[in-house]
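# An overview of the molecular structure
Okay, here's what each chain looks like letter by letter:
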Amino acid sequence: MTKTKCKYCGGSFKTSSKEYTLRSRHLDKAETTIENLIVKECKICGHSEMPEDSERYIEVIRQKIRKEMETQRNAAKVVVFEDTPDVENPLKNIKDFFRKLIG
Ligand SMILES: [Zn+2]
């Protein structure tokens, strides 16, 4: 059963769309604007509620941004890993170094 009455004034809702800004910690997508998000808006006092469909839609986009963030983080890890000198066997590096010095 869906609520069709405004909880503040008891007025009925009309469906309207508005722009919704989704904020995230994603560096490239700190703000994602969803245009034409469906909301229920009270005809009398203007109170708006988000229907379940819209909440689900926002959640899907949120997940997508989170996944992109993880992908970027993993990509960054790979780069860091590749830039890291061979620390697994520092002794070998030192030996190589001395070998080069001695010629
Ligand atoms: Zn109302």
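Details of the structure are given in the entry above.
Basis of the calculations
- Residues numbered from 1 in each chain as written.
- Predicted model: local features only at pLDDT ≥ 70, side-chain atom pairs only at ≥ 80, totals over all residues.
- Helix = DSSP H or I, 4+ residues; strand = E, 2+ residues; numbered from the N terminus.
- Buried ≥ 20, exposed ≤ 12 C-beta atoms within 10 Å, placed from the backbone.
- Contact = placed C-beta atoms within 7 Å.
- Pairing = 2+ DSSP bridges.

### Thoughts on the overall build of the protein
Each helix and strand in the protein was counted, giving 2 helices and 3 strands. Counted from the first residue to the last, the protein has its helices and strands arranged as β-β-β-α-α. Per-residue burial for the protein yields a buried fraction of 3% across its 103 residues. Intrachain contacts of the protein at a sequence separation of at least 6 include 48% that bridge at least 24 residues.

### Regarding the pairing of strand β2 (residues 31-42)
Pairing of strand β1 (residues 13-23) with β2 involves 10 bridges; the strand directions are antiparallel. Bridge pairing in β2 links T21 to T33. Two elements, β2 and strand β3 (residues 48-49), share 2 bridges in a ladder whose sense is antiparallel. Bridged to K40 within β3 is E49. Between β2 and β3, which pair antiparallel one after the other, the connecting turn spans 5 residues, and G46 there sits at a positive phi close to 85 degrees.

### Topic: unusual backbone geometry
The backbone phi angle of N36 is positive, close to 55 degrees, even though this residue is not glycine. By the element assignment, N36 lies in strand β2. Overall, N36 belongs to the exposed group, with 10 C-beta atoms counted inside 10 Å.

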